[in-house]
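Now for the letters of each chain:
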Amino acid sequence: MVRRYYDKTEDTGDGNPFRGHQGFLGDAHIRRAGGADMPIRELPPFLRALLVMDGTVTKILEAYFWEPVEVVTLRQEFVHAERPIPWIRIDPGDRVLIRRARLNGMESKRAYATAFSVIRTQLMPEAFKLQLISRRIGIGVLIRDSGLESYREVLEIGIEPAGGSGDPTAPEESDLVFRTYRILIDGEPVILITEHFPLDLYR
């Protein structure tokens, strides 16, 4: 999964039509891997909102689906980057924390989203880092509750076919709409996250 970020340039081109806009894009399209691009207007309205929002995804999902949502950490380990990840200024050999999580409805048991993160933990305050590694809380909620000054920048959005995300925990029966964004803390890119949303679930 981490390989999808290798050697990406700071110039994201048209991979993120929302960049520099307010959210309304008229006739803009998003890329569909292996198929025709999809007009953004054809996405379910709530899913369009999720792609551009800069708040905590878990809380928005709870409000929309009206049930508590839990963040289940499926994998978390330190690895060394094999190639550069320019989006968060990682060089080959840098040690990073990778984390894979799923956002589950606690009552319905539905998987509303999966998330894969690459994290430069050395740039985090020690207390923040310890809470993150403990797996007890989602990244968005942790940032919100910590009071750290942060900013989210969407870098890429698109659609991947069922089973084509490279994420073994993603639903296999639905195309997946994804967004990749970075979180800057005190002006420094620290966290890179790709979230996948099963399209059929949001129709």
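Criteria and thresholds
Numbering of residues starts from 1 in every chain and runs along the sequence as written. Only residues with pLDDT of at least 70 are given local features in this predicted model, and only at 80 or more are side-chain atom pairs given and counted; all residues enter the totals for whole chains, interfaces and linings. Side-chain descriptors were evaluated using all non-hydrogen atoms of the structure, hydrogens and water having been removed beforehand. Helix and strand definitions follow DSSP, with helices as H or I runs of at least four residues and strands as E runs of at least two, each counted in order from the N terminus. In this scheme, a residue with accessible area under 20% of its type's maximum is buried, one over 50% is exposed, and one in between is partly exposed, where area comes from a 1.4 Å probe on protein chains only. For this analysis, residues touch if any pair of their heavy atoms sits within 4.5 Å. Shrake-Rupley sampling with a 1.4 Å probe provides the accessible areas, and residues are treated as covered by the protein chains on show and by no other component. Grid points spaced at 1 Å over the protein atoms alone were grouped into cavities, where a 1.4 Å probe fits but cannot get out, and pockets, open sets with protein on both sides within 12 Å along at least five of seven lines, with lining residues defined by an atom within 4 Å of a point. Grid points are joined across faces, edges and corners, and a volume is the space filled by probe spheres set on the points. Taking the helix axis as origin, the arc is that swept by the directions to the C-beta atoms. Classification of ring pairs rests on two measures: the distance between centres of Phe, Tyr or Trp rings, Trp counted by its six-membered ring, which must be within 6.5 Å, and the angle between planes, read as stacked under 30 degrees, edge-to-face over 60 and tilted in between. As a reminder, the over-ring test applies to NZ of lysine and CZ of arginine, requiring each to be within 6 Å of the ring centre and within 35 degrees of the ring normal. Looking at any residue, its pLDDT shows the predictor's confidence there, from 0 to 100.

### Quick look at the overall build of the chain
Counting its regular elements, the chain contains 5 helices and 8 strands. The order of helices and strands in the chain, counted from the N terminus, is β-β-α-α-β-β-β-α-α-β-β-β-α. For the chain, the residues scored as buried account for 50% of the 203 residues in total. Summarising the internal contacts of the chain: among those between residues at least 6 apart in sequence, 61% fall at separations of at least 24. Split by element, the accessible area of the chain, about 9800 Å² in all, is 49% carbon and sulfur.

### Observations regarding empty space enclosed by the protein
Considering all chains together, one arrives at 1 cavity of 30 Å³ or more under this definition. Taken as a whole, the largest cavity encloses approximately 230 Å³ of empty space. For the largest cavity, the lining is made up of 18 residues, of which Leu103, Ala115, Ile139, Gly140 and Glu195 are closest to its centre. Elements with a contribution of two residues or more to the lining of the largest cavity: helix H2 (57-65), strand S4 (95-105), strand S5 (111-119), helix H4 (139-146), strand S7 (176-185) and strand S8 (188-198).

### Observations concerning helix H1 (residues 45-52)
Of the residues making up H1, those classed as buried are Phe46, Leu47, Leu50 and Leu51. For H1, the arc enclosing every buried residue in end-on projection is 145 degrees, short of the 170-degree limit, so these residues lie on one face. Buried-residue contacts for H1 involve H2, strand S6 (150-160), S7, S8 and helix H5 (199-202).

### Considerations on the packing of aromatic side chains
Overall, the coordinates contain 7 aromatic pairs when judged by the stated rule. When the centroid spacing of 3.8 Å and the interplanar angle of 5 degrees are considered together, the rings of Phe46 and Tyr64 count as stacked. Remark: Tyr64 occurs in helix H2 and Phe46 occurs in helix H1; sequence separation between them is 18 residues. For Tyr64, a relative accessible area of 46% puts it in the partly exposed group. Taking the centre distance of 6.2 Å and the plane angle of 85 degrees together, the rings of Phe46 and Phe65 count as edge-to-face. Taken together, the residues span a long stretch of sequence, with Phe46 in helix H1 and Phe65 in helix H2 at a distance of 19 residues. The exposure classification of Phe46 matches that of Phe65, with both residues buried. Aromatic rings pair up to connect Phe46, Tyr64, Phe65, Tyr112, Phe197 and Tyr202 into one cluster. For Arg95, the ring lying beneath its charged end belongs to Phe78, and the centroid distance is 3.8 Å.

### Some points on the environment of Ile159
Considering the arrangement of structural elements, one finds Ile159 in strand S6. Classification of Ile159 as buried rests on a relative accessible area of 1%. With near-sequence residues (within four places) excluded, Ile159 lies in contact with Ile30, Arg31, Arg32, Ala33, Met38, Asp175, Leu176, Val177 and Phe178.

### Observations regarding the confidence of the model for the chain
With 82% of its residues at a pLDDT of at least 70, the chain reaches an overall mean of 82. At the low end of the mean pLDDT range in the chain sits H4, at 71; at the high end sits S5, at 94.

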